[in-house]
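Analysis of the macromolecular model
So you can see what is in the structure, the chains are spelled out below.
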Amino acid sequence: MTANSNRFSTYTTTSVGTGSEGKKDDQKKDMWSSMLDSVASGKRLPEKNLLVLGGSVDSQREFLEALSSNDGRRNLDRTNQKIPPIANSFALGYTYYNVLDADQEDILARISLYLLTNPAPSFTSLISPLLTPQSIPNTLIVILLDWSQPWLWMRQLREWLLLLRTVIMSLSIECKETMEETMLAWRDRGRTGGSVNLDGTGAVTSEGDVALPLGAGEWEDGLGLPLCVVCQNSEKIDYLEKSQGWKEEKFDLVLQYLRTVLLRHGASLIYTTPSLPSPLPTLIHASLGIRSLLKRAPLKHNVIDRDKIVVPPNWDSWGKIRVLRDGFDVERVSEGWSIDLDQPFPTVRSEGTHDPSQQAESSANGTGEPEGSAVALYEEQVQDTSLETLQLAQGHQDTSRLEVPSVDTQAFLANQLERLEQQKKADEKAGKDNSFTQSTTDAVISDHIGPVQFNVGGIQVDADDMVQRLRDHQAYRSSPEPQMDDESQLDEGTAPVDTDTLAKFFGNLMNRKPTAGGGVTKT
(Lines give C-alpha, C1' and ligand atoms only; values in the text may rest on other atoms or scores of the structure.)
Protein backbone atom coordinates (compact mmCIF):
# COMPACT_ATOMS: atom_id res chain seq x y z
CA MET A 1 0.00 0.00 0.00
CA THR A 2 2.90 2.27 0.92
CA ALA A 3 4.49 1.65 -2.41
CA ASN A 4 1.29 2.38 -4.13
CA SER A 5 0.84 5.67 -2.26
CA ASN A 6 4.29 6.91 -3.26
CA ARG A 7 3.76 6.34 -6.95
CA PHE A 8 3.32 9.30 -9.34
CA SER A 9 2.29 9.51 -12.93
CA THR A 10 5.09 10.37 -15.29
CA TYR A 11 2.51 10.63 -18.06
CA THR A 12 0.80 13.52 -16.34
CA THR A 13 4.00 15.49 -15.93
CA THR A 14 5.07 14.86 -19.46
CA SER A 15 1.69 15.73 -20.85
CA VAL A 16 1.62 19.03 -18.99
CA GLY A 17 5.03 19.98 -20.27
CA THR A 18 4.13 19.03 -23.80
CA GLY A 19 0.99 21.14 -23.66
CA SER A 20 2.88 24.30 -22.75
CA GLU A 21 5.38 23.74 -25.51
CA GLY A 22 2.53 23.10 -27.95
CA LYS A 23 0.95 26.42 -27.03
CA LYS A 24 4.22 28.20 -27.70
CA ASP A 25 4.50 26.50 -31.09
CA ASP A 26 0.96 27.49 -31.93
CA GLN A 27 1.68 31.08 -30.98
CA LYS A 28 4.77 31.07 -33.18
CA LYS A 29 2.79 29.63 -36.07
CA ASP A 30 0.05 32.23 -35.60
CA MET A 31 2.63 34.98 -35.54
CA TRP A 32 4.29 33.80 -38.75
CA SER A 33 1.00 33.23 -40.52
CA SER A 34 -0.19 36.71 -39.59
CA MET A 35 3.07 38.19 -40.85
CA LEU A 36 2.85 36.26 -44.10
CA ASP A 37 -0.77 37.26 -44.56
CA SER A 38 0.09 40.92 -44.02
CA VAL A 39 2.92 40.74 -46.55
CA ALA A 40 0.70 38.93 -49.05
CA SER A 41 -2.09 41.45 -48.62
CA GLY A 42 0.40 44.27 -49.06
CA LYS A 43 1.58 42.80 -52.36
CA ARG A 44 -1.90 41.91 -53.61
CA LEU A 45 -2.71 43.91 -56.74
CA PRO A 46 -5.83 46.08 -56.76
CA GLU A 47 -8.35 44.61 -59.22
CA LYS A 48 -10.08 47.05 -61.57
CA ASN A 49 -12.63 46.29 -64.28
CA LEU A 50 -13.29 47.91 -67.64
CA LEU A 51 -16.49 47.08 -69.53
CA VAL A 52 -15.73 48.10 -73.15
CA LEU A 53 -18.82 48.36 -75.36
CA GLY A 54 -19.08 49.10 -79.06
CA GLY A 55 -16.61 49.32 -81.88
CA SER A 56 -15.26 46.38 -83.83
CA VAL A 57 -12.76 43.68 -82.97
CA ASP A 58 -9.93 45.76 -84.46
CA SER A 59 -10.98 49.04 -82.86
CA GLN A 60 -11.14 47.36 -79.44
CA ARG A 61 -7.58 46.13 -79.94
CA GLU A 62 -6.51 49.65 -80.89
CA PHE A 63 -8.15 50.95 -77.72
CA LEU A 64 -6.19 48.48 -75.59
CA GLU A 65 -2.93 49.39 -77.34
CA ALA A 66 -3.57 53.07 -76.68
CA LEU A 67 -4.45 52.34 -73.07
CA SER A 68 -1.51 50.09 -72.22
CA SER A 69 1.59 52.16 -72.95
CA ASN A 70 4.48 50.85 -75.03
CA ASP A 71 6.80 51.22 -72.06
CA GLY A 72 4.77 48.66 -70.20
CA ARG A 73 4.99 46.25 -73.09
CA ARG A 74 8.75 46.69 -73.34
CA ASN A 75 8.95 45.98 -69.62
CA LEU A 76 7.07 42.71 -70.16
CA ASP A 77 9.54 41.73 -72.86
CA ARG A 78 12.45 42.54 -70.57
CA THR A 79 11.10 40.34 -67.80
CA ASN A 80 10.31 37.52 -70.26
CA GLN A 81 6.60 37.77 -69.55
CA LYS A 82 4.13 37.06 -72.31
CA ILE A 83 1.68 39.74 -73.38
CA PRO A 84 -1.82 38.50 -72.50
CA PRO A 85 -3.90 37.56 -75.55
CA ILE A 86 -7.07 39.40 -76.54
CA ALA A 87 -10.06 37.11 -76.90
CA ASN A 88 -12.81 39.31 -78.33
CA SER A 89 -13.89 37.58 -81.53
CA PHE A 90 -17.06 36.00 -80.13
CA ALA A 91 -19.70 37.24 -77.67
CA LEU A 92 -18.10 38.66 -74.48
CA GLY A 93 -14.35 38.94 -74.86
CA TYR A 94 -11.73 39.19 -72.14
CA THR A 95 -8.14 40.31 -71.60
CA TYR A 96 -6.12 42.12 -68.94
CA TYR A 97 -3.05 44.31 -68.51
CA ASN A 98 -0.98 45.65 -65.64
CA VAL A 99 -0.70 49.35 -64.90
CA LEU A 100 2.94 50.22 -64.19
CA ASP A 101 4.29 53.10 -62.19
CA ALA A 102 6.32 55.93 -63.71
CA ASP A 103 9.57 54.01 -63.24
CA GLN A 104 8.09 51.00 -65.08
CA GLU A 105 9.06 48.73 -62.22
CA ASP A 106 6.17 48.59 -59.77
CA ILE A 107 2.73 47.35 -60.75
CA LEU A 108 0.02 49.68 -59.48
CA ALA A 109 -3.05 47.63 -60.47
CA ARG A 110 -4.34 44.98 -62.80
CA ILE A 111 -7.20 45.94 -65.10
CA SER A 112 -9.51 43.27 -66.49
CA LEU A 113 -11.22 44.22 -69.74
CA TYR A 114 -14.55 42.71 -70.77
CA LEU A 115 -15.25 43.43 -74.43
CA LEU A 116 -18.61 43.42 -76.25
CA THR A 117 -19.21 44.61 -79.83
CA ASN A 118 -22.95 43.98 -80.36
CA PRO A 119 -25.77 45.40 -78.19
CA ALA A 120 -27.89 42.27 -78.50
CA PRO A 121 -30.46 41.57 -75.74
CA SER A 122 -29.12 38.02 -75.44
CA PHE A 123 -25.83 39.35 -74.05
CA THR A 124 -27.40 40.88 -70.95
CA SER A 125 -27.00 37.58 -69.11
CA LEU A 126 -23.25 37.77 -69.75
CA ILE A 127 -22.87 41.24 -68.26
CA SER A 128 -24.96 40.76 -65.12
CA PRO A 129 -22.49 38.42 -63.32
CA LEU A 130 -19.74 41.03 -63.72
CA LEU A 131 -21.59 43.56 -61.54
CA THR A 132 -21.40 42.57 -57.87
CA PRO A 133 -21.35 44.72 -54.71
CA GLN A 134 -17.58 44.17 -54.56
CA SER A 135 -16.81 44.95 -58.24
CA ILE A 136 -19.16 47.92 -58.80
CA PRO A 137 -16.94 50.53 -57.01
CA ASN A 138 -13.98 49.37 -59.16
CA THR A 139 -15.74 49.26 -62.55
CA LEU A 140 -15.75 51.78 -65.41
CA ILE A 141 -17.88 51.59 -68.56
CA VAL A 142 -16.31 52.66 -71.87
CA ILE A 143 -18.34 53.12 -75.08
CA LEU A 144 -16.35 53.24 -78.32
CA LEU A 145 -17.47 55.39 -81.28
CA ASP A 146 -15.76 55.80 -84.64
CA TRP A 147 -15.31 58.92 -86.75
CA SER A 148 -15.96 56.86 -89.88
CA GLN A 149 -19.71 57.05 -89.10
CA PRO A 150 -20.42 60.05 -86.87
CA TRP A 151 -24.04 60.26 -88.10
CA LEU A 152 -24.82 57.05 -86.16
CA TRP A 153 -23.36 58.12 -82.80
CA MET A 154 -26.56 59.13 -81.04
CA ARG A 155 -28.33 55.95 -82.08
CA GLN A 156 -25.40 53.78 -80.98
CA LEU A 157 -25.22 55.55 -77.63
CA ARG A 158 -28.92 55.01 -77.04
CA GLU A 159 -28.69 51.29 -77.83
CA TRP A 160 -25.83 50.74 -75.38
CA LEU A 161 -27.40 52.79 -72.60
CA LEU A 162 -30.72 50.97 -72.96
CA LEU A 163 -28.82 47.68 -72.77
CA LEU A 164 -27.09 48.81 -69.58
CA ARG A 165 -30.39 49.89 -68.08
CA THR A 166 -31.82 46.45 -68.78
CA VAL A 167 -28.84 44.84 -67.02
CA ILE A 168 -29.05 47.19 -64.02
CA MET A 169 -32.77 46.56 -63.57
CA SER A 170 -32.08 42.82 -63.25
CA LEU A 171 -29.49 43.23 -60.46
CA SER A 172 -30.10 42.56 -56.79
CA ILE A 173 -31.12 45.20 -54.27
CA GLU A 174 -27.68 45.11 -52.69
CA CYS A 175 -26.04 45.89 -56.03
CA LYS A 176 -28.42 48.79 -56.65
CA GLU A 177 -27.66 50.25 -53.22
CA THR A 178 -23.94 50.02 -53.96
CA MET A 179 -24.51 51.83 -57.27
CA GLU A 180 -26.33 54.66 -55.52
CA GLU A 181 -23.46 55.09 -53.09
CA THR A 182 -20.97 55.04 -55.97
CA MET A 183 -22.87 57.70 -57.88
CA LEU A 184 -23.14 59.95 -54.83
CA ALA A 185 -19.37 59.74 -54.42
CA TRP A 186 -18.79 60.35 -58.13
CA ARG A 187 -20.76 63.59 -58.20
CA ASP A 188 -18.06 65.31 -56.16
CA ARG A 189 -15.00 63.80 -57.84
CA GLY A 190 -13.06 66.28 -59.94
CA ARG A 191 -15.61 69.04 -59.46
CA THR A 192 -14.31 72.59 -59.40
CA GLY A 193 -13.82 73.67 -55.82
CA GLY A 194 -14.51 70.16 -54.52
CA SER A 195 -12.51 68.28 -51.91
CA VAL A 196 -11.94 65.12 -53.99
CA ASN A 197 -9.84 64.79 -57.13
CA LEU A 198 -10.87 62.67 -60.09
CA ASP A 199 -8.63 59.81 -58.93
CA GLY A 200 -10.28 59.78 -55.50
CA THR A 201 -7.53 61.54 -53.58
CA GLY A 202 -8.12 64.58 -51.44
CA ALA A 203 -7.88 67.92 -53.16
CA VAL A 204 -6.02 70.88 -51.73
CA THR A 205 -8.52 73.71 -51.37
CA SER A 206 -8.03 77.27 -50.28
CA GLU A 207 -10.32 79.36 -48.13
CA GLY A 208 -12.11 80.95 -51.07
CA ASP A 209 -12.83 77.70 -52.94
CA VAL A 210 -16.44 76.57 -52.78
CA ALA A 211 -17.77 73.39 -54.34
CA LEU A 212 -20.13 74.25 -57.16
CA PRO A 213 -23.63 72.74 -56.94
CA LEU A 214 -25.12 70.65 -59.69
CA GLY A 215 -26.28 72.72 -62.62
CA ALA A 216 -29.14 72.23 -65.05
CA GLY A 217 -28.96 68.97 -66.98
CA GLU A 218 -26.22 67.43 -64.80
CA TRP A 219 -26.60 63.91 -63.40
CA GLU A 220 -30.23 63.68 -64.52
CA ASP A 221 -29.88 60.01 -65.57
CA GLY A 222 -27.09 58.43 -63.52
CA LEU A 223 -26.39 54.87 -64.64
CA GLY A 224 -24.99 53.71 -61.33
CA LEU A 225 -21.54 53.29 -62.89
CA PRO A 226 -19.04 55.86 -64.21
CA LEU A 227 -19.09 56.25 -67.99
CA CYS A 228 -16.47 57.34 -70.53
CA VAL A 229 -17.10 57.77 -74.28
CA VAL A 230 -14.09 57.40 -76.59
CA CYS A 231 -14.35 58.66 -80.20
CA GLN A 232 -11.65 56.86 -82.14
CA ASN A 233 -9.88 57.71 -85.42
CA SER A 234 -10.21 61.47 -85.16
CA GLU A 235 -7.79 61.79 -88.08
CA LYS A 236 -10.83 61.11 -90.31
CA ILE A 237 -12.09 64.59 -89.46
CA ASP A 238 -9.96 65.94 -92.29
CA TYR A 239 -11.42 63.34 -94.66
CA LEU A 240 -14.97 64.43 -93.79
CA GLU A 241 -13.99 68.02 -94.40
CA LYS A 242 -12.49 67.31 -97.83
CA SER A 243 -14.77 64.59 -99.21
CA GLN A 244 -18.17 65.50 -97.73
CA GLY A 245 -17.76 69.23 -97.29
CA TRP A 246 -18.08 69.36 -93.50
CA LYS A 247 -17.44 72.75 -91.96
CA GLU A 248 -16.41 73.81 -88.48
CA GLU A 249 -20.07 74.39 -87.63
CA LYS A 250 -20.86 70.71 -88.27
CA PHE A 251 -18.00 69.48 -86.06
CA ASP A 252 -19.06 71.85 -83.29
CA LEU A 253 -22.66 70.65 -83.63
CA VAL A 254 -21.61 67.02 -83.16
CA LEU A 255 -19.56 67.96 -80.10
CA GLN A 256 -22.45 69.93 -78.58
CA TYR A 257 -24.81 66.98 -78.98
CA LEU A 258 -22.35 64.60 -77.32
CA ARG A 259 -21.58 66.93 -74.43
CA THR A 260 -25.26 67.64 -73.77
CA VAL A 261 -26.16 63.96 -73.71
CA LEU A 262 -23.19 62.85 -71.61
CA LEU A 263 -23.78 65.65 -69.12
CA ARG A 264 -26.98 63.92 -68.03
CA HIS A 265 -24.95 60.82 -67.06
CA GLY A 266 -21.91 62.58 -65.56
CA ALA A 267 -19.76 60.98 -68.25
CA SER A 268 -16.44 62.01 -69.76
CA LEU A 269 -15.54 62.39 -73.45
CA ILE A 270 -12.28 62.09 -75.37
CA TYR A 271 -11.16 62.01 -79.04
CA THR A 272 -8.24 59.73 -79.89
CA THR A 273 -5.98 59.19 -82.89
CA PRO A 274 -4.01 55.96 -83.48
CA SER A 275 -0.23 56.10 -83.03
CA LEU A 276 -0.45 59.56 -81.42
CA PRO A 277 -0.07 60.23 -77.67
CA SER A 278 -3.24 61.21 -75.86
CA PRO A 279 -4.43 61.66 -72.26
CA LEU A 280 -6.60 58.52 -72.60
CA PRO A 281 -4.56 56.43 -70.08
CA THR A 282 -4.61 59.28 -67.59
CA LEU A 283 -8.39 59.71 -67.91
CA ILE A 284 -9.17 55.99 -67.63
CA HIS A 285 -6.77 55.30 -64.77
CA ALA A 286 -7.91 58.35 -62.82
CA SER A 287 -11.54 57.32 -63.27
CA LEU A 288 -10.65 53.92 -61.81
CA GLY A 289 -8.84 55.49 -58.86
CA ILE A 290 -5.36 54.40 -60.00
CA ARG A 291 -2.68 56.97 -59.19
CA SER A 292 1.08 56.92 -59.52
CA LEU A 293 3.18 57.19 -56.39
CA LEU A 294 6.06 58.85 -58.25
CA LYS A 295 4.52 61.16 -60.83
CA ARG A 296 1.10 62.76 -61.01
CA ALA A 297 -0.06 63.37 -64.59
CA PRO A 298 -2.44 66.33 -64.72
CA LEU A 299 -5.62 65.97 -66.75
CA LYS A 300 -6.64 69.15 -68.52
CA HIS A 301 -9.79 69.78 -70.50
CA ASN A 302 -9.61 70.69 -74.20
CA VAL A 303 -12.62 71.84 -76.22
CA ILE A 304 -10.70 73.96 -78.73
CA ASP A 305 -8.72 71.48 -80.85
CA ARG A 306 -11.33 69.61 -82.84
CA ASP A 307 -9.30 66.36 -83.03
CA LYS A 308 -8.01 66.41 -79.42
CA ILE A 309 -11.18 66.95 -77.41
CA VAL A 310 -11.03 66.06 -73.69
CA VAL A 311 -14.01 66.66 -71.41
CA PRO A 312 -13.40 65.31 -67.87
CA PRO A 313 -16.34 64.26 -65.71
CA ASN A 314 -18.04 66.93 -63.59
CA TRP A 315 -16.42 69.74 -65.60
CA ASP A 316 -18.99 70.56 -68.30
CA SER A 317 -22.18 72.62 -68.07
CA TRP A 318 -24.90 74.03 -70.29
CA GLY A 319 -23.24 77.43 -70.28
CA LYS A 320 -19.95 76.01 -71.59
CA ILE A 321 -21.81 74.09 -74.28
CA ARG A 322 -23.65 77.20 -75.50
CA VAL A 323 -20.40 79.16 -75.75
CA LEU A 324 -19.00 76.71 -78.32
CA ARG A 325 -21.50 77.74 -81.03
CA ASP A 326 -24.52 80.04 -80.91
CA GLY A 327 -27.96 78.78 -81.86
CA PHE A 328 -27.75 75.35 -80.23
CA ASP A 329 -30.90 74.47 -78.25
CA VAL A 330 -29.37 72.57 -75.35
CA GLU A 331 -32.66 72.30 -73.43
CA ARG A 332 -34.46 70.68 -76.35
CA VAL A 333 -31.69 68.13 -76.93
CA SER A 334 -31.51 67.25 -73.22
CA GLU A 335 -35.26 66.72 -72.99
CA GLY A 336 -35.27 64.75 -76.24
CA TRP A 337 -32.59 62.43 -74.89
CA SER A 338 -34.73 61.64 -71.85
CA ILE A 339 -37.53 60.69 -74.29
CA ASP A 340 -35.16 58.40 -76.17
CA LEU A 341 -34.14 56.60 -72.98
CA ASP A 342 -37.78 55.92 -72.08
CA GLN A 343 -38.19 53.57 -75.04
CA PRO A 344 -38.23 49.80 -74.54
CA PHE A 345 -35.17 47.74 -75.40
CA PRO A 346 -34.57 46.61 -78.07
CA THR A 347 -35.98 49.53 -79.97
CA VAL A 348 -38.41 49.13 -82.87
CA ARG A 349 -35.86 50.34 -85.38
CA SER A 350 -33.19 47.89 -84.28
CA GLU A 351 -35.60 44.95 -84.50
CA GLY A 352 -36.84 45.94 -87.95
CA THR A 353 -40.53 45.62 -86.99
CA HIS A 354 -43.05 48.36 -86.32
CA ASP A 355 -45.82 48.16 -83.77
CA PRO A 356 -48.97 50.07 -84.81
CA SER A 357 -49.22 51.67 -81.37
CA GLN A 358 -45.64 52.87 -81.62
CA GLN A 359 -46.17 54.06 -85.17
CA ALA A 360 -48.97 56.29 -83.91
CA GLU A 361 -46.56 57.87 -81.48
CA SER A 362 -43.91 58.45 -84.12
CA SER A 363 -43.13 61.92 -85.23
CA ALA A 364 -44.04 63.40 -88.55
CA ASN A 365 -40.47 63.13 -89.83
CA GLY A 366 -41.12 59.53 -90.84
CA THR A 367 -38.04 58.08 -89.09
CA GLY A 368 -40.05 55.94 -86.67
CA GLU A 369 -38.73 57.87 -83.66
CA PRO A 370 -40.98 59.35 -80.93
CA GLU A 371 -41.89 62.99 -81.10
CA GLY A 372 -39.15 65.21 -79.72
CA SER A 373 -36.48 62.52 -80.04
CA ALA A 374 -32.92 63.79 -79.84
CA VAL A 375 -31.79 60.93 -82.09
CA ALA A 376 -34.16 62.03 -84.86
CA LEU A 377 -33.10 65.65 -84.44
CA TYR A 378 -29.42 64.69 -84.61
CA GLU A 379 -29.80 62.49 -87.70
CA GLU A 380 -31.75 65.26 -89.42
CA GLN A 381 -28.87 67.71 -88.95
CA VAL A 382 -25.92 65.29 -89.27
CA GLN A 383 -26.28 63.13 -92.37
CA ASP A 384 -24.10 61.03 -94.60
CA THR A 385 -23.90 63.12 -97.77
CA SER A 386 -22.60 60.13 -99.73
CA LEU A 387 -26.14 58.71 -99.52
CA GLU A 388 -27.77 61.91 -100.75
CA THR A 389 -28.99 60.31 -103.99
CA LEU A 390 -30.43 57.39 -102.07
CA GLN A 391 -32.18 59.73 -99.68
CA LEU A 392 -33.83 61.60 -102.53
CA ALA A 393 -35.02 58.34 -104.07
CA GLN A 394 -36.44 56.93 -100.84
CA GLY A 395 -38.05 60.13 -99.62
CA HIS A 396 -38.97 59.90 -95.95
CA GLN A 397 -37.73 56.36 -95.50
CA ASP A 398 -34.84 55.45 -93.26
CA THR A 399 -31.60 56.20 -95.10
CA SER A 400 -29.04 55.94 -92.33
CA ARG A 401 -28.08 52.52 -93.62
CA LEU A 402 -28.33 50.87 -97.06
CA GLU A 403 -30.75 47.94 -96.93
CA VAL A 404 -32.23 45.93 -99.80
CA PRO A 405 -35.28 43.80 -98.92
CA SER A 406 -35.22 40.34 -100.46
CA VAL A 407 -37.90 39.25 -102.97
CA ASP A 408 -39.28 35.76 -103.48
CA THR A 409 -37.37 33.91 -106.21
CA GLN A 410 -40.44 32.84 -108.23
CA ALA A 411 -41.95 36.32 -108.06
CA PHE A 412 -38.67 37.82 -109.24
CA LEU A 413 -38.40 35.38 -112.18
CA ALA A 414 -42.03 35.94 -113.20
CA ASN A 415 -41.47 39.69 -113.20
CA GLN A 416 -38.31 39.30 -115.28
CA LEU A 417 -40.10 37.02 -117.79
CA GLU A 418 -42.83 39.59 -118.28
CA ARG A 419 -40.25 42.31 -118.84
CA LEU A 420 -38.33 40.17 -121.32
CA GLU A 421 -41.46 39.44 -123.36
CA GLN A 422 -42.32 43.13 -123.49
CA GLN A 423 -38.79 43.93 -124.58
CA LYS A 424 -38.91 41.22 -127.25
CA LYS A 425 -42.14 42.63 -128.72
CA ALA A 426 -40.67 46.11 -128.72
CA ASP A 427 -37.53 44.87 -130.49
CA GLU A 428 -39.54 43.02 -133.14
CA LYS A 429 -41.66 46.05 -133.84
CA ALA A 430 -38.61 48.25 -134.00
CA GLY A 431 -36.94 45.77 -136.38
CA LYS A 432 -39.86 45.80 -138.83
CA ASP A 433 -40.02 49.54 -138.83
CA ASN A 434 -36.29 49.76 -139.38
CA SER A 435 -36.34 47.28 -142.31
CA PHE A 436 -39.15 49.14 -144.10
CA THR A 437 -37.46 52.43 -143.51
CA GLN A 438 -34.11 51.06 -144.70
CA SER A 439 -35.54 49.61 -147.94
CA THR A 440 -37.37 52.82 -148.72
CA THR A 441 -34.25 54.82 -148.08
CA ASP A 442 -32.10 52.56 -150.27
CA ALA A 443 -34.55 52.87 -153.19
CA VAL A 444 -34.60 56.62 -152.95
CA ILE A 445 -30.82 56.80 -152.82
CA SER A 446 -30.43 54.43 -155.81
CA ASP A 447 -32.82 56.44 -157.94
CA HIS A 448 -31.04 59.62 -157.04
CA ILE A 449 -27.49 58.39 -157.64
CA GLY A 450 -28.09 55.96 -160.56
CA PRO A 451 -26.03 52.85 -161.38
CA VAL A 452 -22.61 52.61 -159.81
CA GLN A 453 -19.73 51.43 -162.03
CA PHE A 454 -16.07 50.81 -161.41
CA ASN A 455 -13.06 49.79 -163.52
CA VAL A 456 -11.67 46.26 -163.13
CA GLY A 457 -8.68 45.54 -165.40
CA GLY A 458 -9.81 48.11 -167.93
CA ILE A 459 -13.37 46.78 -168.04
CA GLN A 460 -16.27 48.84 -166.74
CA VAL A 461 -18.31 46.70 -164.33
CA ASP A 462 -21.77 47.54 -163.07
CA ALA A 463 -21.63 47.29 -159.28
CA ASP A 464 -25.30 46.44 -158.84
CA ASP A 465 -25.11 43.71 -161.48
CA MET A 466 -22.00 42.26 -159.88
CA VAL A 467 -23.57 42.22 -156.44
CA GLN A 468 -26.68 40.51 -157.83
CA ARG A 469 -24.56 37.82 -159.54
CA LEU A 470 -22.68 37.18 -156.32
CA ARG A 471 -25.93 36.81 -154.44
CA ASP A 472 -27.31 34.36 -157.05
CA HIS A 473 -24.11 32.35 -156.95
CA GLN A 474 -24.18 32.21 -153.18
CA ALA A 475 -27.83 31.16 -153.23
CA TYR A 476 -27.08 28.42 -155.78
CA ARG A 477 -24.20 27.07 -153.66
CA SER A 478 -26.29 27.08 -150.53
CA SER A 479 -29.25 25.29 -152.20
CA PRO A 480 -29.31 21.43 -151.84
CA GLU A 481 -28.49 19.24 -154.86
CA PRO A 482 -31.46 17.58 -156.58
CA GLN A 483 -31.86 13.90 -155.75
CA MET A 484 -33.38 11.29 -158.02
CA ASP A 485 -36.39 9.38 -156.85
CA ASP A 486 -36.44 5.59 -156.58
CA GLU A 487 -38.45 5.02 -159.79
CA SER A 488 -36.02 6.95 -161.95
CA GLN A 489 -33.10 5.05 -160.40
CA LEU A 490 -34.81 1.73 -161.23
CA ASP A 491 -35.45 2.82 -164.82
CA GLU A 492 -31.81 3.70 -165.34
CA GLY A 493 -30.70 0.48 -163.75
CA THR A 494 -32.88 -1.71 -166.11
CA ALA A 495 -31.68 -0.03 -169.39
CA PRO A 496 -30.38 -2.69 -171.97
CA VAL A 497 -26.63 -2.95 -172.59
CA ASP A 498 -25.29 -3.77 -176.14
CA THR A 499 -22.80 -6.56 -175.32
CA ASP A 500 -22.02 -7.41 -178.96
CA THR A 501 -20.79 -3.94 -179.73
CA LEU A 502 -18.56 -3.94 -176.69
CA ALA A 503 -17.08 -7.36 -177.58
CA LYS A 504 -16.34 -6.29 -181.15
CA PHE A 505 -14.63 -3.10 -179.91
CA PHE A 506 -12.31 -4.89 -177.54
CA GLY A 507 -11.59 -7.61 -180.16
CA ASN A 508 -10.38 -5.04 -182.69
CA LEU A 509 -8.05 -3.58 -180.10
CA MET A 510 -6.47 -6.97 -179.44
CA ASN A 511 -5.95 -7.83 -183.17
CA ARG A 512 -3.94 -4.68 -183.95
CA LYS A 513 -0.14 -5.12 -184.35
CA PRO A 514 2.53 -2.42 -183.94
CA THR A 515 4.57 -1.32 -187.04
CA ALA A 516 8.25 -0.48 -187.32
CA GLY A 517 7.61 3.23 -187.01
CA GLY A 518 5.68 2.71 -183.79
CA GLY A 519 2.27 2.71 -185.44
CA VAL A 520 -0.37 0.07 -185.21
CA THR A 521 -1.64 -1.92 -188.21
CA LYS A 522 -4.90 -3.73 -188.35
CA THR A 523 -4.74 -7.38 -189.24
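Residues numbered from 1 in each chain as written. Predicted model: local features only at pLDDT ≥ 70, side-chain atom pairs only at ≥ 80, totals over all residues. Heavy atoms only, no water.

1. Quick look at a nonpolar patch on the surface
Filter applied, for reference: Like charges are joined within 9 Å and nonpolar side chains (Val, Leu, Ile, Met, Phe, Trp, Tyr) within 5 Å, but only among residues with over 30% relative accessible area and no salt bridge; these make up the patches. Throughout, the Shrake-Rupley method with a 1.4 Å probe supplies accessible areas, and for residues the shown protein chains are the sole cover considered. Each salt bridge in this description consists of a side-chain nitrogen of Lys or Arg and a carboxyl oxygen of Asp or Glu lying within 4 Å of one another. Strands are runs of DSSP state E lasting at least 2 residues, helices are runs of H or I lasting at least 4, and numbering of each runs from the N terminus.
Taken together, the side chains of Leu502, Phe505, Phe506 and Leu509 present a nonpolar region at the surface, about 410 Å² in accessible area. Residue position: Phe506 is located in helix H20 (residues 499-511).

2. Concerning the packing of aromatic side chains
To be explicit about the condition: Stacked, edge-to-face and tilted are the three classes for Phe, Tyr and Trp ring pairs, Trp counted by its six-membered ring, which pair at centre distances within 6.5 Å; planes under 30 degrees apart are stacked, over 60 edge-to-face, the rest tilted. Each residue is placed in one exposure class: buried if its accessible area under a 1.4 Å probe, protein chains only, is under 20% of its type's maximum, exposed if it is over 50%, and partly exposed if it falls in between. In this scheme, the term charge over a ring applies when either NZ of a lysine or CZ of an arginine sits within 6 Å of the ring centre and within 35 degrees of the ring normal.
In this structure the tally under the stated criterion is seven aromatic pairs. With a centroid separation of 4.7 Å and an interplanar angle of 70 degrees, the aromatic rings of Trp147 and Trp153 are classed as edge-to-face. When its relative accessible area of 0% is taken as the criterion, Trp153 is described as buried. Feature note: the residues Trp147, Trp153, Trp246, Phe251 and Tyr271 constitute an aromatic cluster, connected by ring pairs. Taking NZ or CZ as reference, Arg306 lies 5.0 Å from the ring centre of Phe251, over its face. Cation over ring: Lys320 sits above Trp315, and NZ or CZ is 3.9 Å from the ring centre.

3. Notes on the packing of helix H9 (residues 248-263) against helix H12 (residues 330-341)
Under the convention used in this document: To obtain an axis, a line is fitted to C-alpha atoms, over the contacting stretch when the element is a helix, and the angle between two such axes runs from 0 to 180 degrees between their N-to-C directions. Angular relationships are summarised with four words: roughly parallel below 35 degrees, roughly antiparallel beyond 145, roughly perpendicular across 65 to 115, and oblique for the angles in between. Take the far helix as your reference; a near helix turned counterclockwise from it by less than a right angle gives a left-handed crossing, and one turned clockwise gives a right-handed crossing. Note on contacts: a residue pair is in contact if any heavy atoms of the two residues lie within 4.5 Å. Three residue categories are used. Nonpolar comprises Ala, Val, Leu, Ile, Met, Phe, Trp, Tyr, Cys and Pro, charged comprises Asp, Glu, Lys and Arg, and polar comprises the others, including Gly.
The geometry of H9 relative to H12 is characterised by a closest axis approach of 9 Å and an angle of 55 degrees between their N-to-C directions. One finds that H9 runs oblique with respect to H12. By crossing handedness, the relation of H9 to H12 is classed as right-handed. Across the interface between the two elements, Tyr257, Thr260 and Val261 of H9 pack against Val330, Val333, Ser334 and Trp337 of H12. Considering only residue class, the contact of H9 with H12 consists of five nonpolar, two polar and no charged.

4. Considerations on the pattern of salt bridges
A full pass over the atoms with the stated rule returns 12 salt bridges. Residue Arg155 pairs with Glu369 through a salt bridge whose shortest N-O separation is 2.9 Å. Of the two residues, Arg155 sits in helix H6 (residues 153-169) while Glu369 sits in the loop between helix H14 (356-360) and helix H15 (374-381), which places them 214 residues apart along the sequence. The pair Arg155 / Glu369 is uniform in exposure class, with both members buried. Residue Glu379 is joined to Arg155 by a salt bridge in which the shortest nitrogen-to-oxygen separation is 2.8 Å. Note that Glu379 is positioned in helix H15 and Arg155 in helix H6, a separation of 224 residues in sequence. Both residues of the pair, Glu379 and Arg155, belong to the buried class.

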